[in-house]
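# Structural features, examined
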Amino acid sequence: MNRISLQSLTVSQLVDRFTALALEQYEAERHGDTARFNRLFDEVVRIKDELAGRAGDQRSALVTLFDHPNPQVRLNAAQRALAVSPVAARQALQRLWDNREFPQAAYAHQTLTALDEGTSRLS
Amino acid sequence: MRADVIEIEWQRRLTLNAIVCSLSELKCLAAEVRLERAMRRHGQALQVAWKAGFKPDQPRVPKGNPDGGKWTAEGGDSGDPKPGKEGASYKPGSSGQRPPTSRERTSVLRDVARQIQQTGKTVEFFARAAKWIQVYSADIAAYNDPPKSLEDLQRGASTPAPGYDIHHIVEQAQAEQDGFPREVIDDPNNLVRVPRLKHQEINGWYQTKNPEFGELSPREYLSGRSWEVRRAVGLQALRDLGVLKP
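The following refers to the structure shown. (Residues numbered from 1 in each chain as written. Chains lettered and ligands numbered in written order. Predicted model: local features only at pLDDT ≥ 70, side-chain atom pairs only at ≥ 80, totals over all residues. Heavy atoms only, no water.)

### Examining the pairing of strand β1 (residues 164-168) of chain B
All names here are of chain B. Within β1, 5 of the 5 residues are buried, which leaves it mostly tucked inside the rest of the structure. Side chains Tyr-164, Ile-166 and His-168 project from β1 onto one buried face, and the interleaved Asp-165 and His-167 project onto a second face that is buried too. Here β1 runs beside strand β2 (residues 191-195); their pairing, made up of 5 bridges, is antiparallel. Pairing of His-167 across the sheet is with Val-192, part of β2. (Buried < 20%, exposed > 50% of the residue type's maximum accessible area, 1.4 Å probe, protein only. Helix = DSSP H or I, 4+ residues; strand = E, 2+ residues; numbered from the N terminus. Pairing = 2+ DSSP bridges.)

Printed below as a string of structure tokens:
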């Protein structure tokens, strides 16, 4: 995806873009394309920062993705909305782990463990 | 005078015998050393071979052909599903054919292993749509192993098995680059036997950017860090990916 100015997008458009990036990440991971996955990761961080910077911290808009059918979308949304919706985000992460949806389950477990130990960088 | 000659002859023979015995012992010792070195080389070669995906049961081109003895494609058929049979509707990959590259094959095998985990279906079910998968049934079965204790994983490292790789808990290439001695890297305490497809997930995990590592990949995060930190992250990877019991 080409870099675009995120300030011009609405919250809804940002959430759509966030979803599209996660779906691309899912495919990149499936095909072992780590370089592409990491490029998309940087874009996900940009969108998260943009949402966090909007009035009222619009990362809460990501909560709508906690029930998305794709595990990478759920993982990204739960991790990036953890600070604004900790209980629901934690539940979404726990479901990923309980359902053994690897490899996303691995990242969910890592965050859950870090939360329990008070070392998470996402809370 | 005669007694002196006999005594001298006796002494000469004793000395000769002693020399012959010593030579034999030396030969035995040399043979033992050669055997030990060969065994060590064989063990290392086995480990490398397993890591490189060597499969003793992979079919070879039959003797008498121009490429006789070389490894050949698994299955040896088109992989077309048989109409009307269960599983025929599922085609791993785009066509059911064996993908040409290792990366694509791994992608399909992991998809199949994950689907087996999620649905409880068997390798045979998927192999009906793509017969080449059957050759990798050990890899697929191993992927769904339940998590094991560290002791079990370490014990397994001394006995390579189909479907498994020997994995360094502290990543070997980066540790060597950062100056850790080879004997520490290859110490049995740092070696575990893990399912091959999980091993590939672990390698991917190390290279993938991760918010819990400050948006860095674990490999970037670990650069220049102590052995203890690397080991803690290595064990964490095994736990998170469901290889090591939490």
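Now, onward.
### Concerning the side chain of Arg-80 of chain A
With respect to the helices and strands, Arg-80 of chain A occurs in helix α3 (residues 71-80). Those residues in contact with Arg-80 of chain A that lie beyond four places of it in its chain are Phe-18, Phe-41, Val-44, Val-45, Lys-48, Arg-59, Leu-62 and Leu-122 of chain A together with Pro-211 and Glu-215 of chain B. (Contact = heavy atoms within 4.5 Å.)

### Comments concerning helix α5 (residues 104-117) of chain A
The end-to-end C-alpha distance of α5 of chain A is 20 Å, a good match for the 20 Å that 14 residues give at a rise of 1.5 Å each. Extensive coverage of α5 of chain A is indicated by the burial of 10 of its 14 residues. At its buried positions, α5 of chain A is contacted by α1 (11-30), α3 and α4 (86-98) of chain A together with α8 (196-207) and α10 (227-240) of chain B. Just beyond α5 of chain A, the residue with positive phi is Gly-118 of chain A, at close to 70°. (Expected span 1.5 Å × (residues − 1).)

### Here we look at the interface of chain A and chain B
Of the residues lining the interface, 31 residues belong to chain A; the matching set on chain B comes to 27 residues. Counting each side, the surface lost to burial between chain A and chain B is near 2400 Å², with a carbon and sulfur contribution of 46%. Our count for the contact surface shared by chain A and chain B stands at 5 salt bridges. Among the ionic pairs, Arg-114 of chain B bridges to Glu-29 of chain A, the shortest N-O distance being 3.5 Å. Applying the counting criterion to the chain A and chain B interface returns 16 residue pairs in polar contact (both at pLDDT 80 or more). Of all the secondary-structure elements, those providing two or more residues to the side of chain A that touches chain B are α1, α2 (34-53), α3 and α5 of chain A. Among the residues forming the side of chain A that touches chain B, the class breakdown is 11 nonpolar, 11 polar and 9 charged. (Buried area = accessible area lost by both parts, 1.4 Å probe. Salt bridge = Lys/Arg side-chain N within 4 Å of Asp/Glu carboxyl O. Polar contact = N/O pair within 3.5 Å; in protein donor to acceptor, adjacent residues only side chain to side chain. Nonpolar A, V, L, I, M, F, W, Y, C, P; charged D, E, K, R; others polar.)

### What about the environment of Arg-95 of chain A?
All names here are of chain A. Considering the arrangement of structural elements, one finds Arg-95 in helix α4. Assessed through its relative accessible area of 36%, Arg-95 is described here as partly exposed. Each C-alpha atom, one on Arg-95 and one on Phe-66, is 10.0 Å from the other, the two residues being 29 residues apart in sequence. Apart from the residues within four sequence positions on either side, Arg-95 is in contact with Phe-66, Asp-67 and Glu-101.

### Here we look at the nonpolar core
Of all hydrophobic cores here, the largest spans 70 residues; its most connected members are Leu-62 of chain A together with Ile-133, Ile-140, Trp-205 and Leu-238 of chain B. At 7 residues, α2 of chain A tops the list of elements feeding residues into this core. Beyond its immediate chain neighbours, meaning those up to four positions away, Trp-205 of chain B contacts Tyr-107 and Gln-110 of chain A together with Asn-210, Phe-213, Pro-218, Val-233, Gln-236, Ala-237, Asp-240 and Leu-241 of chain B. (Core = buried A, V, L, I, M, F, W, Y, C linked by side-chain atoms within 4.5 Å.)

### Considerations on the packing of aromatic side chains
Evaluation of the coordinates by the stated rule reveals 7 aromatic pairs over all chains. Relative to Tyr-206 of chain B, the ring of Trp-205 of chain B has its centre 5.3 Å away and its plane inclined at 90°; by these criteria the two rings are edge-to-face. No difference in accessibility class separates Trp-205 of chain B from Tyr-206 of chain B, as the two residues are buried. An aromatic cluster of at least three residues, connected via ring pairs, comprises Trp-205, Tyr-206, Phe-213 and Tyr-221 of chain B. Cation over ring: Lys-198 of chain B sits above Phe-102 of chain A, and NZ or CZ is 3.6 Å from the ring centre. Above the face of the Tyr-143 of chain B ring, Lys-198 of chain B is positioned so that its terminal group lies 4.4 Å from the ring centre. (Phe/Tyr/Trp six-rings, centres within 6.5 Å; stacked < 30°, edge-to-face > 60°. Lys NZ or Arg CZ within 6 Å of the ring centre and 35° of its normal.)

Note that every value here comes from positions in space, so none of it alone points to a role or purpose.
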